[in-house]
Amino acid sequence: VRAVVDQAKGGSDAFERPYIGARFDEVTSEMAESLGMNRPAGAIVVGVMENGPAAESGLSVGDVVLAINDQRIEHKDALGYRLATLAIGDVVDLDVFSRGELVSIRLKLASRPPEAQAQTVSLDGRGPFSGAEVSDISSEIRSQLRLSRETTGVVIIDIQRGSPANRAGFRPGDIIEIVNGTAITDVTVMQQVVAQGGRSWRFRLNRGGRRIQQFLRF
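The rules behind these values
- Residues numbered from 1 in each chain as written.
- Predicted model: local features only at pLDDT ≥ 70, side-chain atom pairs only at ≥ 80, totals over all residues.
- Heavy atoms only, no water.
- Phe/Tyr/Trp six-rings, centres within 6.5 Å; stacked < 30°, edge-to-face > 60°.
- Helix = DSSP H or I, 4+ residues; strand = E, 2+ residues; numbered from the N terminus.
- Buried < 20%, exposed > 50% of the residue type's maximum accessible area, 1.4 Å probe, protein only.
- pLDDT = per-residue confidence, 0-100.
- Contact = heavy atoms within 4.5 Å.
- Core = buried A, V, L, I, M, F, W, Y, C linked by side-chain atoms within 4.5 Å.
- Pairing = 2+ DSSP bridges.
- Arc of directions from axis to C-beta.
- Polar contact = N/O pair within 3.5 Å; in protein donor to acceptor, adjacent residues only side chain to side chain.

## Here's the deal with the packing of aromatic side chains
Stage number 1. Taken as a whole, this structure holds four aromatic pairs when the rule is applied.
Stage number 2. Note on F129 and F170: the rings are 5.0 Å apart at their centroids and 15° apart in plane angle, and the pair reads as stacked. Separated by 41 residues along the polypeptide, F129 in the loop between β7 (120–122) and β8 (132–136) and F170 in the loop between α6 (164–167) and β10 (175–179) bring together distant segments of the chain. The exposure classification of F129 matches that of F170, with both residues buried.
Stage number 3. Summarising the aromatic geometry, the rings of F129 and W201 are spaced 5.9 Å apart at their centres and angled 70° between planes, so their arrangement reads as edge-to-face. Of this pair, F129 sits in the loop between β7 and β8 while W201 is found in strand β12 (residues 200–207), placing the two residues 72 residues apart along the sequence. The same class applies to F129 as to W201, namely buried.
Stage number 4. Taken together, the ring pairs in this structure connect F129, F170, W201 and F203 into an aromatic cluster.

## Points about the confidence of the model for the chain
Stage number 1. Summary statistics for the chain give a mean pLDDT of 86 and a share of 89% for residues scoring 70 or more.
Stage number 2. Within the chain, helix α1 (residues 2–9) has the poorest average pLDDT of any element, 42, and strand β3 (residues 64–68) the best, 97.
Stage number 3. This stretch, residues 1–15, has a pLDDT under 50; its non-local contacts, to residues over four places away or in other chains, come to 14 contacts.

## Quick notes on the nonpolar core
Stage number 1. One finds F129, V134, F170, I176, V179, I184 and M190 to be the most contacted residues of the largest nonpolar core, which totals 22 residues.
Stage number 2. Mapped by element, the contributors of at least two residues to this core are β8, β9 (154–159), β10, α7 (187–196) and β12.
Stage number 3. Broken down by element, the residue count for this core peaks at five residues, all from α7.
Stage number 4. Apart from the residues within four sequence positions on either side, F129 is in contact with L123, A165, F170, I176, V179, M190, V194, W201 and F203.
Stage number 5. A22, L59, V96 and I105 belong to the second largest nonpolar core, which has 20 residues in total.

## Topic: the pairing of strand β13 (residues 210–217)
Stage number 1. Of the pairings in the sheet, the one linking β12 to β13 comprises eight bridges and is antiparallel in character. Of the residues in β13, the one forming a bridge with L205 is I212.

## Quick look at α7
In an α-helix, one turn spans 3.6 residues, which is why side chains three or four residues apart end up on the same side.
Stage number 1. Among the residues making up α7, those that are buried are V187, V189, M190, V193 and V194. The arc enclosing the buried residues of α7, seen along the axis, measures out at 155°, which places them on a common side. Exposed positions of α7 whose direction lies more than 90 degrees from the buried face are A195 and Q196.
Stage number 2. Looking at the buried positions of α7, the neighbouring elements they touch are β7, β8, β9, β10, β11 (182–183) and β12.
Stage number 3. Its side-chain oxygen 3.1 Å from the backbone nitrogen of T188, D186 forms the N-cap of α7.
Stage number 4. Of the residues trailing α7, G197 is marked for its positive phi of about 65°.

Okay, structure coming up:
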């Protein structure tokens with residue numbers, strides 16, 4: 001609430017989440033063991049955008065954020081929540097497990113740059129995609145995932161725990177290209193296809209350059 005009010009006082013009509021310039025994922029038991037952590041905790045960095053706050057502060061892929069402003073982070077959803085309570089321009093202190101050592105990193109949250117803007121929606125309703133947050137493929141995402149200009153679809157950027165999308169096995173980074181015979185060009189088309197519902201779902205994913213055809217009854 002404070003973040004929304006502060007932006008409103010500053011003359012902003014719509015709330016904008018602060019931009020950190022990094023993507024995070026869950027820390028699994030296997031990851032924790034390989035990193036030398038006592039147990040799974042925090043949010044691991046899986047992508048850092050050029051010239052963003054994370055890159056400028058020295059945050060790197062493979063680092064694990066364990067706390068923000070002395071607030072412990074048990075998983076990536078908790079990190080997203082903490083960031084959403086902060087405001088653009090805030091300076092935050094991160095406790096980070098990096099290369100076997102606990103370090104402190106300070107960074108300043110910023111506005112999302114124009115080249116990183118992309119429409120993002122959370123899918124709901126009945127179907128295997130419910131609980132997935134999907135985004136248009138922006139230039140930032142294209143660069144981050146090393147996608148060719150010919151790659152089309154929408155990319156899954158987050159999945160709600162325990163949701164149908166989670167149970168269906170979707171992963172952040174999956175690109176949804178075709179659903180029930182419809183080519184997915186943007187999130188608007190994706191929403192329309194999902195809204196049609198149905199018990200049978202045929203779709204094609206692009207996962208790390210490998211195309212996967214699937215059929216689910218729901």
